[in-house]
Amino acid sequence: MTAQARKPWEIQKAVVFALFLRELKTRFGAYRFGYFWLLLEPMAHVILLSLLFYFFRDRALFGIDYPVFIVTGVVPFLMFKNITLRVMDGVDANRRLFSFRQIKPMDAFLARAMLDAFLGVTVYALILGGMAWIGLDVPFRDPFTVVFLIALLILAGLGLGMIFAVIGRFLPESKSLIRLAFLPLYFLSGIFFPVVIVPREYMPYLLWNPLLHVIELMRGAVFDSYHVLPEIDLLFPAMTTLVLLYLGLAWYRARRFALLTS
Amino acid sequence: MIELQDLTKSYRLTSGERRYIFRRLNFRFPEGVNVGVIGPNGAGKSTLLRLIGGIDHPDRGRVVTDQRISWPVGLSGGLQGSLTGRDSVKFVCRIHGASHEEMLEKIGFVRDFAEIGEYFDQPIRTYSSGMRVRLNFGLSWAFDFDYYLMDEVGAVGDARFRQKSRQLMEERISRSNVILVSHAMSEVARLCSVVVLLNDGQATLFRDVGEGIRAYEEMGAMPQQNRSRPRAGDGPKPPVPTGKRGPAGAGPGLLGGAPRQ
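Thresholds applied
- Residues numbered from 1 in each chain as written.
- Chains lettered and ligands numbered in written order.
- Predicted model: local features only at pLDDT ≥ 70, side-chain atom pairs only at ≥ 80, totals over all residues.
- Heavy atoms only, no water.
- Axes fitted to C-alpha atoms, helices over the stretch in contact; angles between N-to-C directions.
- Helix = DSSP H or I, 4+ residues; strand = E, 2+ residues; numbered from the N terminus.
- Parallel < 35°, antiparallel > 145°, perpendicular 65-115°, else oblique.
- Left-handed = near helix turned anticlockwise from the far one by under 90°.
- Contact = heavy atoms within 4.5 Å.
- Nonpolar A, V, L, I, M, F, W, Y, C, P; charged D, E, K, R; others polar.
- Patch = residues over 30% accessible without salt bridge, like charges linked within 9 Å, V, L, I, M, F, W, Y side chains within 5 Å.
- Areas by Shrake-Rupley, 256 points an atom, 1.4 Å probe, with all protein chains shown as cover.
- Salt bridge = Lys/Arg side-chain N within 4 Å of Asp/Glu carboxyl O.
- Buried < 20%, exposed > 50% of the residue type's maximum accessible area, 1.4 Å probe, protein only.
- pLDDT = per-residue confidence, 0-100.
- Core = buried A, V, L, I, M, F, W, Y, C linked by side-chain atoms within 4.5 Å.
- Buried area = accessible area lost by both parts, 1.4 Å probe.

**What about the packing of helix 3 (residues 100–114) of chain B against helix 4 (residues 129–142) of chain B?**
All names here are of chain B. Taken N-terminus to C-terminus, the directions of helix 3 and helix 4 make an angle of 140°; their axes are 8 Å apart at the nearest point. Between helix 3 and helix 4, the angle is such that the two are oblique. Helix-helix and strand crossings are classified by hand; for helix 3 and helix 4 the assignment is right-handed. Residue-level inspection shows Lys106, Phe109, Val110, Phe113 and Ala114 of helix 3 in contact with helix 4, the latter providing Arg134, Leu135, Phe137, Gly138, Leu139, Trp141 and Ala142. Here the residues of the contact of helix 3 with helix 4 are counted per class, giving nine nonpolar, one polar and two charged.

Here it is as structure tokens:
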């Protein structure tokens, strides 16, 4: 142990790193094919939705390979969902660790967000790389925008997860409701359909979903020929992310001691 | 130096009202001595330990210290069932900023102390409760602190392990100090040179251990209703997520999860 006192950020860095490794080990150590399951969930979505699409193949898709189209929506969505829910449960899952004074709930939030961001990005790269390798068309027209959008999803998931963690502390029942809410969100975020096929009269309501904007922009950034509607806007999800992060951090700050007492 | 400044700590009862453990408590721990903290059940001994350990936070006021203070000795903090004993030692090393060499040294120390053989590389959930205790204590004594926090001395394991554990503890305490919360007055008398008596939110320092214990025992003879504020025995305990209530290191509650035999 170091003789002189460590600086706060040095402690936090060490703790987040330790928690990251621990989460990684506990997540995958238990199953023999732990890492394999990681790819299985998004692939199951891709295969099922591709089969479904096979029967509705007359839909216009601008000459885009449908499995690739699905991946660009499903994997970022699942990453966002995993980060949010993992951060939400971060306090309960690590409760015993808070007996070490160095470890605070924020460290658990950060470690979990980082781990699921890391896993999501890895899965994204692996699946898209695999698809390009077997001959599907994966143009990656605008990689910078892709990176930016993924960063937005990570930060939004962290912010939202922290908000839910605080809500869940005072209203434990809310957690199962929040988990359920991701199902309708899945259908409303354009995961398996391009927004242009939505009838005009429903469009204004659908556009209130920031996640839809991110997914659409993601398609626009990956594919050469994808038609992004003019109503789709980068500023809206970006501002939403900032607001979520602000609320999450502020609320955490105000309630950080209450989070620790069960 | 460990000093409590204007310390206020309360818990909310299920009925909604607040129960105060400490109200504007000011106290300075004497330096360089082993301190025994005694008092009746519910006086806030464990809460005080948690506040000093930085695990719990006061409503108002603060704990000021320039000392390195341990986590409660023998507590199974980071020991998660799915991690192996070795990984748990690594984890605790990492959060304490140990270098690679230090980490290897701690791993060796804990492995030798715990004497759990090949189980050291098995998930902790497969341990017996005795094995967990050995690992927990090994982990605590592997690190150097100015103050070790102890909630009961915890006489656990077989006679030989107890003997070894005791020797190691005494060796550590000869270099550092301990703040011991205990109901076992013989332990307090043996290990500590001053006593802090907690009662009714007040802390009284006794420089003479025997005198402190006598004061406690006289008080302990009095029934509950003698206290100034109504404090029913069924009032909720302060929340203790780790469930350390029994003798430290003894119950499955302390270790989290039912031990598998």
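Having seen the structure, we can now continue with the description.
**Focus on a nonpolar patch on the surface**
Residue and element names in this part refer to chain A. A cluster of nonpolar side chains, contributed by Phe33, Phe36, Trp37 and Leu40, occupies part of the molecular surface with about 450 Å² of accessible area. By secondary structure assignment, the location of Leu40 is in helix 2 (residues 34–54). When its relative accessible area of 34% is taken as the criterion, Leu40 is described as partly exposed.

**Some thoughts on the confidence of the model for chain B**
Residue and element names in this part refer to chain B. Overall, the prediction assigns chain B a mean pLDDT of 81, with 81% of residues at 70 or greater. The element-level mean pLDDT for chain B is lowest in helix 8 (residues 252–255), coming to 36, with helix 3 highest at 94. Across the predicted assembly, pTM comes out at 0.85 and ipTM at 0.86.

**Focus on the nonpolar core**
Soluble globular proteins: nonpolar side chains tend toward being buried together. Counting residues in hydrophobic clusters, the biggest one holds 127 residues, and the most contacted among them are Ile103, Phe109 and Tyr124 of chain A together with Trp141 of chain B. In terms of residue count, the dominant contributor to this core is helix 3 (residues 66–88) of chain A (15 residues).

**A few points about the interface of chain A and chain B**
Taken together, the contact pairs 27 residues of chain A with 34 residues of chain B. Together, the buried faces of chain A and chain B total about 2800 Å²; carbon and sulfur atoms form 60% of this surface. Two residues, Lys25 of chain A and Asp87 of chain B, come together in a salt bridge whose shortest N-O distance is 3.1 Å. Elements with a contribution of two residues or more to the side of chain A that touches chain B: helix 1 (8–29) and helix 10 (235–260) of chain A. No other element matches the nine residues that helix 1 of chain A contributes to the side of chain A that touches chain B. Partitioned by chemical class, the residues of the side of chain A that touches chain B number 14 nonpolar, six polar and seven charged.

**With respect to the pattern of salt bridges**
Side-chain pairing between opposite charges can occur once the charged atoms of the two side chains come close. Summed over the entire model, instances satisfying the criterion amount to 25 salt bridges over all chains. In this structure, Arg179 of chain A engages Asp89 of chain A in a salt bridge whose closest nitrogen and oxygen atoms are separated by 2.9 Å. Here Asp89 of chain A lies in the loop between helix 3 and helix 4 (90–93) and Arg179 of chain A lies in helix 7 (residues 174–188), a separation of 90 residues in the sequence. Exposure remark for Arg179 of chain A: the relative accessible area of 37% places this residue in the partly exposed category. For the salt bridge of Asp56 of chain B with Arg50 of chain B, the shortest nitrogen-to-oxygen distance reads 3.8 Å.

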